Amino acid sequence: MDIERFTQILLVILDCVITFFFSIIFTLTVLLVVLRYVFNTAIIGGNEAMEYLFIYTTAIGAAVALGRRNHIKITYFVDKLPAMARKVIDVFDLVLIGFLNGVMIWYGIPWIHSVGSFKSPVLRIPNMIVQASIPIGCSLVILCCLCLIVTETIRGRERGSK
C-alpha cells in the first residue's frame, strides 16, 4: 500500500470517528433540549459528555484538516516563490507543525499523569480520559505530517527524474 492510499484511508477513518462523535453530540443536544423544555428533566452528565466529545472531535479534526491541507495558513508570499522553494517551505512547515505537536505530547503526558487521576464532577470518569485527547490528537497530527512529508518527497523525486 502506498503512502497516499494509507493517508486517505486514515483520513476516512478519522472522518467516520468525528462524524460518529458529532452525531452523539447532536442527539444529546436534541434530547437534552426536549427533556428540559417539554418534560422539565435532564440527563445527568449529558452536558459534560457533550463537552468531552467536542474536545475529542477538535483534536481529531486538527489532524484531518492538516492531512487534507485545509488548515489555516497565509500563503501570499510563499505563492510568489518558485516551485522548488515552495516545496521546501511546505516540508519545513510540516516539520515545524510535527515538532510543535511533539512538544505538546512531551509536556502533555507528564501533565496528564500529575492531574489526570481526578474525577470529572458529574460523570465521575478520570480526567485523564479527557486529557488524553491532547497526545492522541497530536500523535495523529504528527502521523499526518509524516505522511505528507513522504508524499511531498516522493513527488519531488518523481518530477526530478522525469
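Report on the accompanying structure. Small disclaimer: the values here were computed from a predicted structure and weren't measured. (Residues numbered from 1 in each chain as written. Predicted model: local features only at pLDDT ≥ 70, side-chain atom pairs only at ≥ 80, totals over all residues. Heavy atoms only, no water.)

Considering the packing of aromatic side chains
- Applying the stated rule across the entire model yields four aromatic pairs.
- Ring geometry for Phe22 and Phe54: centres 6.3 Å apart, planes at 70 degrees, overall edge-to-face. Of this pair, Phe22 sits in helix H1 (residues 3–38) while Phe54 sits in helix H2 (residues 46–67), and the two are 32 residues apart along the sequence.
- Ring geometry for Tyr76 against Phe77: centres 5.1 Å apart, planes inclined by 80 degrees, an arrangement best described as edge-to-face. Of the two residues, Tyr76 and Phe77, both sit in the exposed class. (Phe/Tyr/Trp six-rings, centres within 6.5 Å; stacked < 30°, edge-to-face > 60°. Helix = DSSP H or I, 4+ residues; strand = E, 2+ residues; numbered from the N terminus. Buried < 20%, exposed > 50% of the residue type's maximum accessible area, 1.4 Å probe, protein only.)

Description of a nonpolar patch on the surface
- Residues Phe26, Val30, Val33, Val34, Tyr37, Val38 and Phe39 make up a contiguous nonpolar surface patch of about 750 Å² in total accessible area.
- Judged by its relative accessible area of 43%, Val33 is partly exposed. (Patch = residues over 30% accessible without salt bridge, like charges linked within 9 Å, V, L, I, M, F, W, Y side chains within 5 Å. Areas by Shrake-Rupley, 256 points an atom, 1.4 Å probe, with all protein chains shown as cover. Salt bridge = Lys/Arg side-chain N within 4 Å of Asp/Glu carboxyl O.)

Observations regarding the state of the cysteines
- All chains considered together, the criterion is met by zero disulfides.
- Take Cys144: it sits in no disulfide, and the sulfur closest to it among the cysteines is that of Cys147, at 6.3 Å.
- Note on Cys144: relative accessible area 1%, which makes it buried.
- With no disulfide partner, Cys145 has as its closest neighbouring cysteine sulfur the one in Cys144, 7.4 Å distant. (Disulfide = S-S within 2.5 Å.)

Looking at the environment of Glu152
- Counting through the fold element by element, Glu152 comes out in helix H5 (residues 133–161).
- Look at Glu152 and you get buried, because its relative accessible area is 15%.
- Considered as a pair, Glu152 and Tyr76 are 76 residues apart in the sequence and their alpha carbons are 20 Å apart.
- Excluding residues that lie within four positions of it along the chain, Glu152 makes contacts with Lys87 and Val91. (Contact = heavy atoms within 4.5 Å.)

Some words on the nonpolar core
- In terms of nonpolar packing, the biggest core is built from 20 residues, with Leu14 and Leu66 touching the most fellow members.
- Those elements that provide at least two residues to this core are H1, H2, helix H3 (83–115) and H5.
- If we ignore the near neighbours within four places in the chain, the residues touching Leu14 are Ile60, Ala63, Val64 and Leu140. (Core = buried A, V, L, I, M, F, W, Y, C linked by side-chain atoms within 4.5 Å.)

A closer look at unusual backbone geometry
- We note that Asn40 has phi near 55 degrees; this positive angle belongs to a residue other than glycine.
- If you trace the backbone, Asn40 turns up in the loop between H1 and H2.
- The residue Arg69 is not glycine, and still its phi comes out positive at about 60 degrees.

Observations regarding the pattern of salt bridges
- Following the criterion strictly, the structure yields three salt bridges and no others.
- Across the pair Arg69 and Asp90 runs a salt bridge, and its minimum N-O distance is 3.8 Å. Pair noted here: Arg69 is in the loop between H2 and H3 and Asp90 is in helix H3, with a separation of 21 residues, a long-range link.
- On the accessibility criterion, Arg69 (23% relative accessible area) is partly exposed.
- Classification of Asp90 as partly exposed rests on a relative accessible area of 23%.
- As a salt-bridge pair, Glu152 and Lys87 come within 2.8 Å of each other at their nearest N and O atoms. Taken as a pair, Glu152 in helix H5 and Lys87 in helix H3 lie far apart in primary sequence, 65 residues in all.
- Overall, Lys87 belongs to the buried group, its relative accessible area being 18%.

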